[in-house]
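# A structural walkthrough
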Amino acid sequence: MMPVTAEPRAVRLGAPGPHYKWIALSNTTLGVLMASVNASILLIALPDIFRGIKVNPLQAGNSSLLLWLIMGYMVVTAVLVVSFGRLGDMYGRVRMYNLGFAVFTAFSILLSLTWMQGTAGALWLILMRVCQGVGGAMLMANSAAILTDAFPTDQRGLALGLNQVAGIAGSFVGLVLGGLLGPVEWHLVFLVSVPFGLFGTVWAYLKLRELAARRPVNLDWWGNITFGAGLVALLVGITYGIQPYRGQTMGWGNPWVIAAMAGGAALLAGFCFIETRVEHPMFRMDLFRIRAFNAGNLAGLLSGLGRGGLMFILIIWLQGIYLPRHGFDFSRTPLWAGIYMLPLTAGFLLAGPVSGWLSDHFGARLFATGGMVVAAGSFWLLEMLPVNFSYWQFALILLLNGIGMGLFASPNRAAIMNSLPPERRGVGSGMASTFQNSSMVLSIGIFFSLIILGLTATLPSTLMHGLTAQGVPAADAARVAALPPVSVLFASLLGYNPVRTLLGPVIAHLAPARAAYLTGRSFFPSLIAPSFGHGLSVAFDFAIAACLVAAVASLLRGKRYVHGEQPEQAAAGPGPAISRAHRGAAAGPLLAPDCPAGEPAGVAEHGQRDQAGGPAMPGTAPAAGSR
């Protein structure tokens, strides 16, 4: 008779009802949607927020405030998501997830209560956003693991697909919400998530249940410290690398940036060494021996590099050039930029759930690889568009890009989670989220750098000639032409026409017709369009390369692999697992198609208990007849 102590915790508490999986899906989808909406809602509402706290983002030194308000949330989620996934495995995934909902909601309230102005107000917002990112990291680290625990293998792709698509689509929904709420009252940008956060916190506390056995072990302090410090140093170096430094257009030559990048890389190298030596590492290096996990994370990282900076580039393109040239006032461009990008969201919503459902039956390789090829093709089509395009062409290409990314995202995440042993799903989910979030920050730095390089080549001379041709004195035109290209990008990102601000009193000395033209909707966008187009081509070339390499990585993932399934089951699709013992020990050890060499399929791994209640050693099969 099986001892009571050998039963999993979920069995002792009673199995969840038949509808529990849908409760888990709806709650975790709400959490991921709320976190992703909050990450992007600022992009469109930034002009109203900066006007509300009375900070001019075009003044020297304020660009760092702008960058940290945008990227601080992303940096902290990238740094902490693995640790919170590991803590979820140790102390309960639902417990960490519930805490994340509460923390996120509390700091949303504090953000909406901002009363300070100037630099102090900006620093308060940055600090609260960083703390809000702590709650977001808890949500993102454990939501996929909770879903994987709740859903059977033949439905995980659909569940994780819906969850993943909600997260990605939320980033675009946030653009529209920011454009709608910001002009009304900028505090609403932060307050809008509070009702959903309060409801989600109570709902998660009452309804979600722990279905996985906890594994309380000693926390890997040195691993956490070296990983956190190394990733923070690396991402901080990237953030300041795209800012001007001592007359240079970018700060990659800044000794502090070089030191941060080198120090961060050294700490991460030390972290990898530590994780192979400690008894209970936070970053399970042995999981990379699973081909489906390894290839899926590599493909996800490269996909994030290609996609991460896209949103910023499209917003700059629409707000700074296209919309003003088509009659939209600069104050209205943020909202309409979000609306014009809706085809991208539609593509995600169309392809994500369908590809997730299909991958449950046919595996992830075809859909994820094809999605990356489609995405690379859409980037090529965007590069072929003129800067002043026809919108129907732009919308169709965005729809195609969304379909490609949706085809990739859901199957890839489901394949990663299916490859993990049950007791490693929290840390594995956190590792996957770390790659995804880090790639977003890296991508923003890369895209900005490439576009700034493109602007640097021609923008100063273009500004000089364009201003002097309209009667601006040469000295004043030279001063404006020396404007760092990153300031021009920020002006476009924020929906500003910087000419009036930069020329100041000079405007009053010009002829009224020329002054009206210089500060109108067409002069500045038309002036920067050729230089921006050159930088845009370089950035899209990088995105194409990243997507194609991601397609190759996805192709190498192998056939469909679900941890614990036998090869016959994986090939035949969903069905009851057939244990090796039931077939007889004479059948010999079988290898699943995607298992690492020497890793028998369907056996207990990493200390997982077999049904007899005893610990199974990694890489060993239970004795014949143990079941």
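Here's what I pulled together on the structure shown here. (Residues numbered from 1 in each chain as written. Predicted model: local features only at pLDDT ≥ 70, side-chain atom pairs only at ≥ 80, totals over all residues. Heavy atoms only, no water.)

### Structural notes on the overall build of the protein chain
Secondary structure assignment for the protein chain yields 24 helices and 0 strands. Evaluated residue by residue, the protein chain yields a buried proportion of 59% over its 627 residues. Accessible surface, the protein chain: about 23700 Å² in total, of which carbon and sulfur atoms supply 69%. (Helix = DSSP H or I, 4+ residues; strand = E, 2+ residues; numbered from the N terminus. Buried < 20%, exposed > 50% of the residue type's maximum accessible area, 1.4 Å probe, protein only. Areas by Shrake-Rupley, 256 points an atom, 1.4 Å probe, with all protein chains shown as cover.)

### A closer look at a nonpolar patch on the surface
Together, Trp-380, Leu-381, Met-384 and Leu-400 line one region of the surface with nonpolar side chains, adding up to about 360 Å² of accessible area. Counting residues per element, the nonpolar patch draws most heavily on helix α15 (residues 365-384), at 3 residues. For Leu-381, the position within the fold is in helix α15. (Patch = residues over 30% accessible without salt bridge, like charges linked within 9 Å, V, L, I, M, F, W, Y side chains within 5 Å. Salt bridge = Lys/Arg side-chain N within 4 Å of Asp/Glu carboxyl O.)

### Remarks on empty space enclosed by the protein
Going through the model one piece at a time under the given rule, you end up with 7 cavities of 30 Å³ or more. In this model, the largest cavity occupies a volume close to 610 Å³. Listed by contribution, the elements that provide at least two residues to the lining of the largest cavity are α2 (20-52), α3 (63-91), α5 (118-150), α6 (156-181), α12 (310-325) and α17 (425-468). Of the residues contributing to the lining of the largest cavity, the split by class is 16 nonpolar, 12 polar and 2 charged. In this structure, the second largest cavity encloses a volume near 150 Å³. Along the wall of the second largest cavity there are 17 residues; nearest its centre are Gln-164, Gly-300, Phe-408, Asn-412 and Gln-436. Only α6, α11 (291-307), α16 (391-418) and α17 provide two or more residues apiece to the lining of the second largest cavity. (1 Å grid on protein atoms, 1.4 Å probe; cavity = no way out; pocket = protein on both sides within 12 Å on 5 of 7 lines; lining within 4 Å. Points joined across faces, edges and corners; volume = space filled by probe spheres on them. Nonpolar A, V, L, I, M, F, W, Y, C, P; charged D, E, K, R; others polar.)

### Focus: the pattern of salt bridges
Enumeration over the complete set of coordinates arrives at 3 salt bridges. The salt bridge involving Asp-48 is made with Arg-51; its shortest N-O contact spans 3.3 Å. Highlighted residues: Asp-48 and Arg-51, both in helix α2, separated by 3 residues, approximately one helical turn. On the basis of relative accessibility, which here comes to 16%, the residue Asp-48 falls in the buried class. Judged by relative accessible area, Arg-51 falls into the partly exposed class, the value being 47%. The salt bridge partner of Arg-479 is Asp-476, with a shortest N-O separation of 3.6 Å.

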